[in-house]
Amino acid sequence: MAAANNLLSEDQFLCSICLDVFTDPVSTPCGHNFCKNCITEHWNISHRCQCPICKEAFTTRPNLRVNTFISEMVVQFRQSAQQKTSSSSSEQQVSKPGEVPCDFCTGTKLKALKSCLVCLASYCETHLEPHLTASRLKRHQLIDPVENLEDRMCTKHDKPLELFCKTDQTCVCMLCLVLDHKTHEFVPLKDEYDGQKAELGKTEAEIQQMIQKRRLKIQEIKHSVDLSEEDADREIAEGVQVFTALKESVERGQANLINTIKEKQKTTEKQAEAFIKELEQEISELTKRRAEVEQLSRSEDQLHLLQSVQSLKAAPPTKDWTEVSVRPSYEGTVRRAVAQLEETLSKDMKKLVTAELKRVQQYAVDVTLDPDTAHPDLILSDDGKQVNYGDVRKNLPDNPERFSYCVFVLGKQSFSSGRFYFEVQVKGKTKWTLGVARESINRKGNITRRPQDGYWTIWLRNVNEYKALAGPDISLSLKSQPQKVGVFVDYEEGLVSFYDVDAAALIYSFIGCCFTEKLFPFFCPGLNYGGKNSAPLIISPVNQAE
C-alpha cells in the first residue's frame, strides 16, 4: 500500500466541484467521484440530476453511499500529505526580522515565498501549493513576497492599483480613471514599469560607471599612499641617518671638549705639584735653618756663637713666589668646540640640502613666459625663456591679463595640484623678483607682493640685499650670492621653497600656505639702472645631479 501511495498524486483525490481533497467520497453510477455534500448541493441547486463531469443524466437521483475504498485511500493520502507537509515545514526557513512571514502559518511563522495580489496575502511553500495546483487559483498574480499588501489597493475605491497616471505621477485604479482623473494621461502599470525599468537600467549603468571611476580613484589614492609610505620610510631612514650622525658629532664634540678640559686640568695639577714640591723643599730648608738659629741664639758661649754665626750667614732661599700662581685658562674652549660642531653640522646640512634638491628636481617642468601677461617695457626672447627690461615701450593691447604698471610677467603654464620645480639664472643681476602667483592677482596699477595678495616671492635689491616678501618682509642672510635660483612648489602641502642651486643651499621656504587657485611662475627682471641690471632672467634647463 505504501508503494502504491507513492504513485498517487493529490489530483486523484480532489473533488472536481470544491477542488479540495475528498470528504466522504461517493461514486455516481457513471463512475465519477465527488464529496457527498458537494454532489448533493450541486443537484439541489441545478434541479437536474446529471454528472458534473461527463453530463450523464439520471432519471432518478441515485442513492449515494460513501465509497469505503476511496475513503480509506483519502485517509492515507491525508496522513502522507500531513507528514510531507510537516517534513517540508521543518526544512523551510523560519521568518526572520526584516523578512515577510506567511500569513497562514499558525504558531511559528515560516518565511513567505510569494505574495498574491488578488488574495492580498503572503504564502510559505506549504500554503502556496493551492495557488500552483488549483486551476481557479493559478490565474492569480503572484509576486516576490512583500509586506503591506493593502498598500497595493486604492485607498479611495478599494480596487487594485492597475494604472499609472503620468499627469500626477501616481498609481491609480480603474475607478480613478473614470472618476478623478478623466482628462489625465494614463498608461498600464506594466508599461510604466517597463519604461521606468529601462531608465533604471540606464541609471544603473551610469552609477556603475561612477562606481568604477571611484574604484579607480581609490586605487590611485592607495597607490599614492603606497608611494607616500615609501617616501615616508625613505625620509625616516635619511632623517635617522642624519640625526644619528649629528648625535655622534655632538657626542664626539662633547667628548673632545671634556678631554681638552681634563688635559688642561691634569697639566695644571702637575704644575701645582711641582710648585708645591719646590715650596715644601724650601720650607724644609728654612725650618732647619730656623732651628739652627734658635739653638745658636740660646747659646751663652760667646766664642761658639761668634764662630758659628758665620756659617749661618749663607743666603737662604730667595725665590719670589708673589707672582707665581696656578690659574688654568678655559676661556674659548667651549666656543671653539661649538664652532667645530657648527662646521660639522654645516657640512651635514649641505649634504641634506643636496639630497633634498636632487629630489625636488625630479618634479622639473618646462616653463615658458606668457607674452600676453608681460608689461609693455619687457623684452621676451622668441623661445619664451628669457626676459629683460627694454628702453622702448611696445604698443601692446591692454588686455586683462597684462601687467600695466609693474614690470612683471607670468609663465604660460599653470598648476592646480601636485608638485613642480623650475630654475632661473640670475647671474649678473643687481635686482630681481622670483616666485609664484595665483591666477586672480591684481595686474593693474601699483602692486603689493605678499602672500595675502596672492604672491609668494623673494627678491634681490642693491646688489646683495635679499628678502622674502612674507608681509612683513624677512631679511635673508646668505653665505654666497645665488647665480641660479630653484623654485619648488608642493600644492597640497602648501609649500614654496627657493634654493641656491650651485651652492645646494636652501634660501627660504613659505610653509602652511593655502592654495585654492591655479598658480603661475612669476618673474620680475627689474629696471636696467643704467646698464647695471641689464642681464636677463633666464629659465634654465634643470640638470639633475647624479
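Thresholds, definitions, all that
- Residues numbered from 1 in each chain as written.
- Predicted model: local features only at pLDDT ≥ 70, side-chain atom pairs only at ≥ 80, totals over all residues.
- Heavy atoms only, no water.
- Salt bridge = Lys/Arg side-chain N within 4 Å of Asp/Glu carboxyl O.
- Helix = DSSP H or I, 4+ residues; strand = E, 2+ residues; numbered from the N terminus.
- Buried < 20%, exposed > 50% of the residue type's maximum accessible area, 1.4 Å probe, protein only.
- Pairing = 2+ DSSP bridges.
- Axes fitted to C-alpha atoms, helices over the stretch in contact; angles between N-to-C directions.
- Contact = heavy atoms within 4.5 Å.
- Patch = residues over 30% accessible without salt bridge, like charges linked within 9 Å, V, L, I, M, F, W, Y side chains within 5 Å.
- Areas by Shrake-Rupley, 256 points an atom, 1.4 Å probe, with all protein chains shown as cover.
- Lys, Arg positive; Asp, Glu negative; His and termini not counted.
- Charge placed at Lys NZ, Arg CZ, Asp CG, Glu CD.
- Phe/Tyr/Trp six-rings, centres within 6.5 Å; stacked < 30°, edge-to-face > 60°.

A. Highlighting the pattern of salt bridges. Counting across every chain of the model gives 16 salt bridges. Residues lysine 319 and glutamate 278 are paired through a salt bridge, measuring 3.0 Å at the closest nitrogen-oxygen approach. In this pair, lysine 319 is assigned in the loop between helix 8 (302-309) and helix 9 (333-360) and glutamate 278 in helix 7 (residues 189-297), connecting sequence segments 41 residues apart. For glutamate 278, a relative accessible area of 30% corresponds to the partly exposed category. The partner of arginine 450 in a salt bridge is aspartate 453, and the shortest N-O contact between them spans 2.8 Å. Aspartate 453 sits in the partly exposed class, given a relative accessible area of 26%. In the salt-bridge network here, residues are joined through shared partners; they are Asp231, Arg234, Glu235 and Arg359.

B. View of the environment of tyrosine 405. By secondary structure assignment, the location of tyrosine 405 is in the loop between strand 10 (386-389) and strand 11 (409-410). We classify tyrosine 405 as exposed; its relative accessible area is 55%. In sequence terms tyrosine 405 and isoleucine 447 are 42 residues apart; their C-alpha atoms lie 8.3 Å from each other.

C. The arrangement of the sheet that holds strand 8 (residues 186-188) in detail. In space, the three strands of this open sheet follow the order 7-6-8, with antiparallel pairing throughout. The strands lining the two open edges of the sheet, one partner per strand, are strand 7 (170-172) and strand 8. Taking the axes of each pair of neighbouring strands and ignoring which way they run, one obtains an average angle of 35° across the sheet. Across three bridges, the pairing between strand 6 (residues 163-165) and strand 7 is antiparallel. From the neighbouring strand, cysteine 165 faces strand 7, where its bridge partner is threonine 170. Strands in contact with helix 7 are strand 6, strand 7 and strand 8; relative to strand 8, the strand with the most contacts, it is inclined by about 85°.

D. A negative patch on the surface, seen in detail. A contiguous patch of negative charge on the surface is contributed by Asp226, Glu229, Glu230 and Asp233. Its location among the elements puts aspartate 226 in helix 7.

E. How the structure looks around the packing of aromatic side chains. Under the criterion given, the structure shown has 14 aromatic pairs. Measuring from ring centre to ring centre gives 5.0 Å for tyrosine 508 and phenylalanine 510, while their planes differ by 85°; the resulting arrangement is edge-to-face. Of the residues examined, phenylalanine 510 reaches a relative accessible area of 5% and is grouped as buried. Grouped by ring-pair contacts, the aromatic residues Phe403, Phe408, Tyr455 and Phe522 constitute a single cluster.

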